[in-house]
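# A look at the structure
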Amino acid sequence: MRINIQFKDRVGIAHEILAVFALRGLNVVGVEVDPPNIYIDSPELLEFMLPSLQQDCDQVRGVGKINVLDILPGKRRRLNLDTVMAVMEDPVLAIDANGKVVIANAAAAAVSGMTEDILCQKNLRDLLEDPLVEHELITHSFHVPSREVILNGEPFWMDVTPVSETLSNPHISSPAISQTTSPTDIKPNGQTVGAVLTLHAPKRMGGRLHALQHSEGSGFHFIIGESEQIKALKVRAAKVAVVDAPLLITGETGTGKELLAQACHGVSARSNAPFLELNCAALPESLAESELFGYMSGAFTGAQRGGKPGLIEMADGGTVFLDEIGEMSLYLQAKLLRFLNDGKFRRIGGDKEVKVNVHIISATHRNLRKMVHEGLFREDLFYRLNVLHLEMPALRERPDDILQLARHFIERACTQAQKPVCRLNSAACAALLSNRWPGNVRQLQNVVFRAITMSDQRILDAADLDWAEGSITADEVHIDAAESWELSVREFESALLEKLYSQYPSSRKLAARLDTSHSMIAAKLRKYGIPQKR
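Residues numbered from 1 in each chain as written. Predicted model: local features only at pLDDT ≥ 70, side-chain atom pairs only at ≥ 80, totals over all residues. Heavy atoms only, no water.

## Describing the overall build of the protein chain
Each helix and strand in the protein chain was counted, giving 21 helices and 19 strands. Here the contacts in the protein chain between residues at least 6 apart in sequence split such that 68% fall between residues at least 24 apart. Here the protein chain has roughly 27,400 Å² of accessible surface; of this, 52% comes from carbon and sulfur atoms. (Helix = DSSP H or I, 4+ residues; strand = E, 2+ residues; numbered from the N terminus. Contact = heavy atoms within 4.5 Å. Areas by Shrake-Rupley, 256 points an atom, 1.4 Å probe, with all protein chains shown as cover.)

## Points about the packing of aromatic side chains
In this structure the tally under the stated criterion is four aromatic pairs. Taken together, a centroid distance of 6.1 Å and an interplanar angle of 20 degrees make the contact between F275 and F321 stacked. Here the residue F275 occupies a position in strand β12 (residues 275-279), and F321 occupies one in strand β13 (residues 319-323), the gap between them amounting to 46 residues. Across this residue pair, the class does not change: F275 and F321 are buried. Measuring from centroid to centroid gives 6.1 Å for F339 and F345, while their planes differ by 75 degrees, and the two rings are edge-to-face. Residue classification places F339 among the buried positions, given a relative accessible area of 2%. The exposure class of F345 is buried, given its relative accessible area of 1%. Taken together, the ring pairs in this structure connect F293, F339 and F345 into an aromatic cluster. Over the face of the ring belonging to F293 we find K335, whose NZ or CZ atom lies 4.8 Å from the ring centre. (Phe/Tyr/Trp six-rings, centres within 6.5 Å; stacked < 30°, edge-to-face > 60°. Buried < 20%, exposed > 50% of the residue type's maximum accessible area, 1.4 Å probe, protein only. Lys NZ or Arg CZ within 6 Å of the ring centre and 35° of its normal.)

## A word on the packing of helix α11 (residues 285-293) against helix α13 (residues 330-342)
Remark: α11 packs on α13, axes separated minimally by 10 Å, with the N-to-C direction vectors making an angle of 15 degrees. Classified by the interaxial angle, the pair formed by α11 and α13 is roughly parallel. Handedness of the crossing formed by α11 with α13: right-handed. The residues of α13 that touch α11, namely those facing E285, A288, E289 and F293, are Y331, L332, K335, L336 and F339. Residue composition of the contact of α11 with α13, by class: six nonpolar, no polar and three charged. (Axes fitted to C-alpha atoms, helices over the stretch in contact; angles between N-to-C directions. Parallel < 35°, antiparallel > 145°, perpendicular 65-115°, else oblique. Left-handed = near helix turned anticlockwise from the far one by under 90°. Nonpolar A, V, L, I, M, F, W, Y, C, P; charged D, E, K, R; others polar.)

## Structural notes on the confidence of the model for the protein chain
Residue-level pLDDT values for the protein chain average 84, and 88% of them are 70 or greater. Scored below 50 in pLDDT, residues 170-188 makes 27 contacts in the model with residues more than four places away or belonging to other chains. For residues 468-482, every residue scores under 50 in pLDDT, and the model assigns this stretch 28 contacts once sequence neighbours within four places are set aside. (pLDDT = per-residue confidence, 0-100.)

## Looking at the sheet that holds β13
If you walk across this open sheet you meet the five strands as β12-β13-β16-β11-β17, and the pairing is parallel. Strands at the two margins of the open sheet, each flanked by one partner only, are β12 and β17 (388-391). Neighbour-to-neighbour, the strand axes of this sheet turn through a mean angle of 20 degrees, independent of strand direction. Relative to strand β16 (residues 359-364), β13 runs parallel, the two sharing four bridges. Considered in β16, the bridge of F321 is made with I361. Those strands touched by helix α10 (residues 257-266) are β11 (247-250), β12, β13, β16 and β17, and its axis lies near 150 degrees from that of β11. (Pairing = 2+ DSSP bridges.)

## What to know about helix α21 (residues 518-528)
For an α-helix, the turn length of 3.6 residues means that residues three or four places apart are oriented alike. For α21, the full list of buried residues reads M520, I521, A522, K524, L525 and Y528. Phi turns positive one or two residues past the end of α21, at G529, with a value near 65 degrees.

## Some thoughts on the nonpolar core
Ranked by size, the top nonpolar core spans 42 residues in total, and within it L424, L432, L444, I452, L497, L510 and I521 carry the most contacts. Taken together, the elements giving at least two residues each to this core come down to α16 (402-417), α17 (426-434), α18 (440-454), α19 (485-501), α20 (507-513) and α21. With near-sequence residues (within four places) excluded, I521 lies in contact with L497, S507, L510, A511, L514 and T516. Counting 34 residues, the second largest nonpolar core, distinct from the first, contains C280, F293, I312 and L322. (Core = buried A, V, L, I, M, F, W, Y, C linked by side-chain atoms within 4.5 Å.)

## Considerations on α16
The first and last C-alpha atoms of α16 sit 22 Å apart over 16 residues, in line with the 22 Å expected at 1.5 Å per residue. Within α16 the residues assigned to the buried category are I402, L403, L405, A406, F409, I410, A413 and C414. Buried residues of α16, seen end-on, are gathered within an arc of 160 degrees and therefore sit on one face of the element. A positive backbone phi angle near 55 degrees is found at Q418, which sits one or two residues after α16. (Expected span 1.5 Å × (residues − 1). Arc of directions from axis to C-beta.)

Written out as structure tokens, the structure reads:
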């Protein structure tokens, strides 16, 4: 039976309590002292003995009530710790003040290729490729920043958390005196007695980065639109996504190429692995190379101690999205081409080849074929990237989606601004449909957000919308206010096409004037009976 005896702390009281058990011939196999409690495990103690044991203990000055326990607190903590360590996917090592491993979880044992018992007989210098890491930890009392280390030939990002012993209560001598703290939590009256080392594999780091950046998930349902162009794109993209080959997405700026890339990843066999992106236009060549391929310790001035994995390494098993690939330098193009050929690369400053399994999706708004002819883009890389191809249509080519997108952005903007949901009147709807949208979906989103931010009205009018220069305004096409959005759209489209057809009397000329597809204009003309038969 396991019991807890409360007492008033004084010198020798624990020995006097244990003497009571000895006089009664009760064997004690476990004792934990944590004033004002002493926890005792005595297999020979039975429930009917408790009243007489209480009477004997009452003879000891300062002893209180006896309570029955299911398990001693120290053992419960050890069992909980063992369970936590066993379920952790990251390797974890606890070391003492001399760098000797005292606790190792199953993940650490698997990575090191040893059993947990053998691992706990090793020093840190015997496990890591750089033996100076242990010396650095001990010299700085384990107050060191995170860094990369090599364990059994594999790179890991190591977080170091010092373990301190609080000396404020000198009477405590049980395992409860040790607590894990962060470096800034160490108090003056404590001493560091070791550390807990958590090792993060690059792929695990990539998974966490993906979870932070894409917490809402991905899929084709995030691409808003019911136009024929978007429906056809989703059907084609669904077929492309299941093929594990390089994919090139083209389209104007602001059309949603990254969203399409995320959707393709989300329905692929790699959906449970990281999706990481790099904007090639946002970084200079040297920084883009280190972000993409990583670097070794001391590779350049300012390089992080121990090195750093790149996006390709962290996305192992998943997808890397290279946005604005047309802005990538010729030097970096050559390095990317080599990786695409055999899946291998070297970090900056490294001499060891790293092999990973990564799906490359790239995107650009530029004409890569023209850039190849001009010598600005490698022809061999173009054909390696353009195995599969998707074209993201411009917003003006799918006018049927404009109002649906506007409603979506209105709801989001009102939520962020903590305002009641607004709606558009018929004039605002007509104005949205008439705009050429050179900035595409991104411009539409910005127009809606500005309108919601600046207007205090529940119903937005065309005057509340901030337009780009050169757009067709609603006033240019005289339409009457309609009772519904759908009727507004019909009346506006009909009036606009009727007015312009006299100046551009063919579907192709009219499509060129409105900068949209001939098939869409032809379908609209048939829908509204334009030109009307005389």
